[in-house]
Structure formats: C-alpha cells, structure tokens
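Summary of the model geometry
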Amino acid sequence: MNRKPVPTEAMAITSINQPLRLWHLISAALPVGAFHYSQGLEAAVQQGWINDRRSAQAWICAGLHHSLAHVDLPLLARAWHAWHHRNEDDLSTWNAYLRACRETAELRAEDADMGAALMRLADAWDEPRPQTALGYTAMFAVLCVNNRISVQDTLMGYAWSWCENMSLAAIKMVPLGHLSGQLMLRELSGEIEAAVSNARQAAVIDNGMQTIGAGLPGMVLASMLHEQQHSRVFRS
C-alpha cells in the first residue's frame, strides 16, 4: 500500500491559512510562560489600587493605550518590516530599543525569557530566525512574518493576547469571577482597534523616534514594588 508523504513544515505553512497560524501564536496554551507574569498588576492589587472589575479594567486599558500603543505595538510593526525584508541589523535595533523601554529588571527578564521560549519553538518548527537572541516582541514579529501573517493582524493578535493575559491575572489576583473577567475582556477588546491604529501611525519611520515611548509611573512603581514583594504568585 502506498503511503502519503508526511507534510514538511514548509508545506504546512502554505497549506494552513494565516488566521489559524495567528491563533496558534496567541493561544494561552503556547508554551512561552505568559501566565507567569502580571506586569505589576499583582503589586497594584496588594497596594489596594485595584480591587474590583472596574479598577482592573481601567488599569489594563491605560496600559493598552498609553504603553502598548506607544511602545510594544509600533516597535513590533518595525520589527515585522525588518524581518520581512530580512534586515537583521534593523531587527536588532528595534529589539534593543524595546529592551531599553523595559523600566525594571523583572520586565526585562520577562521579555528575554519569553523571547527565548519563542526561539526554541521556532527551532522545533524548523522556521528561520536570527541567530542573535531576541526578546518576545521582536521574536513574535519574526514568527508572524514566517507564517505570512499581515502586520495589521500581527498587531491585533499581540494586543489581544496581552489583554487576555492581563485579564487572567486580574481574575486570579483581585479576585474576579470568570464571568466578570470575560465581561471585562470583551470591553477591552473593543479598545484594541484604536490602539493598533495609533501604533501604526507611530511606527512610520518618517514620524521620527520621538513618537515612540511612554511613561506610566503607576505601572512602573507597581513593577518596582513587585520586585521587592515578599510573597508573590507572578514573576512580574
């Protein structure tokens, strides 16, 4: 009996449509350890700054519009274009800029550890990647380009994944019921398109580097407090 050949990874990339590849990359089951991190939300709960669904939603929404939309997402777009053109120098530049925007040691460690996990996945999937170490955001761009995911969908998926992870952290720490958490996530998802639109404007090279950057003192302070917190559930 003739056996059908087992499809190679290259064949799989062309035979599975891009939305499914994106869903895979933003799945909470992807083994990158995202569930280990709250980006200071745990400390904000301990300090009493977050104590219900509304305050948790306001905290996450501020992070989406004033941090993600002005740092992670525009630099993710620049990293996407760099790898799309196989410009590893530019990719390294944007990766270094991203790292410089992580204000605390635990935030830098989070980006590096999750980036290393994505690099191991790329190797397991036999996908091309730079040999130099990349953080999570830049490596996410690499995998999206490899799988022919558009820059718009890359940004939307990244933002959704971030909102989902932060919502799950709030469900665990506030704590919130799962229904309340899903109501919050549904409302947050309505903010993603505007955040991505602002990020794409900031990502345009002609706008200059001054369009990228953010300052959320409360979130930075929460991360600093979390680094000194005696008993912790999350790593950030």
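What you see is a predicted model; the values in this text were computed from it and never measured.

A few points about the packing of helix α4 (residues 53–84) against helix α8 (residues 151–173)
It is the contact of α4 with α8, at a shortest axis distance of 10 Å, that shows an interaxial angle of 145°. Judged by the twist between their axes, the crossing of α4 over α8 is right-handed. Along the contact surface, α4 presents Ala56, Trp59, Ile60, Gly63, Leu64, Leu68, Asp72, Leu73, Leu76, Ala77, Trp80 and His81, while α8 presents Val151, Thr154, Leu155, Tyr158, Ala159, Trp162, Cys163, Met166, Ser167 and Ala170. A class-by-class count of the residues in the contact of α4 with α8 yields 17 nonpolar, 4 polar and 1 charged.

Looking at helix α9 (residues 178–189)
Given a rise of 1.5 Å per residue, 12 residues ought to cover 16 Å, and the 16 Å separating the end C-alpha atoms of α9 matches this to within 8%. The set of residues buried in α9 consists of Gly181, Met184, Leu185 and Leu188. Down the axis of α9, the buried set is contained in an arc of 100°. They therefore lie on one face. For α9, the exposed residues set more than 90 degrees away from the buried face come down to Leu179 and Arg186. Of the surrounding elements, those touching the buried residues of α9 are α4, α8 and α10 (192–203).

Re the pattern of salt bridges
In total, this model carries 5 salt bridges according to the counting rule given. Here glutamate 187 ties to arginine 53 by a salt bridge, and the two come within 3.7 Å at their closest N and O atoms. With glutamate 187 in helix α9 and arginine 53 in helix α4, the pair connects residues that are 134 residues apart, well separated along the chain. Since its relative accessible area comes to 17%, arginine 53 is described here as buried.

With respect to the packing of aromatic side chains
Applying the stated criterion across every chain yields a total of 4 aromatic pairs. Aromatic side chains tyrosine 136 and tyrosine 158 sit 5.9 Å apart centroid to centroid with 35° between the ring planes, which places their arrangement in the tilted category. With tyrosine 136 in helix α7 (residues 136–146) and tyrosine 158 in helix α8, this pair connects stretches of sequence that are 22 residues apart. The exposure class assigned to tyrosine 158 is buried, which follows from its relative accessible area of 7%. Taking 5.5 Å as the distance between ring centres and 75° as the angle between the ring planes, the aromatic pair formed by phenylalanine 140 and tyrosine 158 counts as edge-to-face. One end of the pair, phenylalanine 140, is in helix α7; the other, tyrosine 158, is in helix α8, with 18 residues separating them in the sequence. Members of the aromatic cluster, joined through ring pairs, are Tyr136, Phe140 and Tyr158. Here the guanidinium or amino end of arginine 78 rests over the ring plane of tryptophan 94, the centre of that ring lying 4.7 Å away.

Observations regarding a nonpolar patch on the surface
Side chains of Trp49, Leu221, Met224 and Leu225 sit close together on the surface and give an oily, nonpolar patch of about 350 Å² of accessible area. Relative to the elements of secondary structure, leucine 221 occurs in helix α11 (residues 217–227).

A few points about the environment of leucine 98
By the secondary structure assignment, leucine 98 is in helix α5 (residues 88–100). Judged by its relative accessible area of 0%, leucine 98 is buried. Taking the C-alpha atoms as reference points, leucine 98 and valine 71, 27 residues apart in sequence, are found 7.3 Å from one another. Leave out the neighbours within four places in its chain, and leucine 98 touches Val71, Asp72, Leu75, Thr137 and Ala138.

Regarding the confidence of the model for the protein chain
Chain-level pLDDT for the protein chain is 86 on average; 87% of the residues reach the 70-or-more range. No element of the protein chain has a lower mean pLDDT than helix α1 (residues 9–15), which averages 43, and none a higher one than α7, which averages 97. Across residues 1–15 the pLDDT falls below 50, and counting only partners more than four positions away or on other chains, this stretch makes 12 contacts in the model.

Details of α10
In this model α10 runs 16 Å from its N-terminal to its C-terminal C-alpha over 12 residues, within 8% of the 16 Å that 1.5 Å per residue would give. Turning to α10, its buried residues are Ile192, Ala195, Val196, Ala199, Ala202 and Ala203. Viewed along the axis of α10, the buried residues span an arc of 120°, placing them on a single side of the element. Lining the buried residues of α10 we find α4, α8 and α9.

Conventions adopted
- Residues numbered from 1 in each chain as written.
- Predicted model: local features only at pLDDT ≥ 70, side-chain atom pairs only at ≥ 80, totals over all residues.
- Heavy atoms only, no water.
- Axes fitted to C-alpha atoms, helices over the stretch in contact; angles between N-to-C directions.
- Helix = DSSP H or I, 4+ residues; strand = E, 2+ residues; numbered from the N terminus.
- Left-handed = near helix turned anticlockwise from the far one by under 90°.
- Contact = heavy atoms within 4.5 Å.
- Nonpolar A, V, L, I, M, F, W, Y, C, P; charged D, E, K, R; others polar.
- Expected span 1.5 Å × (residues − 1).
- Buried < 20%, exposed > 50% of the residue type's maximum accessible area, 1.4 Å probe, protein only.
- Arc of directions from axis to C-beta.
- Salt bridge = Lys/Arg side-chain N within 4 Å of Asp/Glu carboxyl O.
- Phe/Tyr/Trp six-rings, centres within 6.5 Å; stacked < 30°, edge-to-face > 60°.
- Lys NZ or Arg CZ within 6 Å of the ring centre and 35° of its normal.
- Patch = residues over 30% accessible without salt bridge, like charges linked within 9 Å, V, L, I, M, F, W, Y side chains within 5 Å.
- Areas by Shrake-Rupley, 256 points an atom, 1.4 Å probe, with all protein chains shown as cover.
- pLDDT = per-residue confidence, 0-100.

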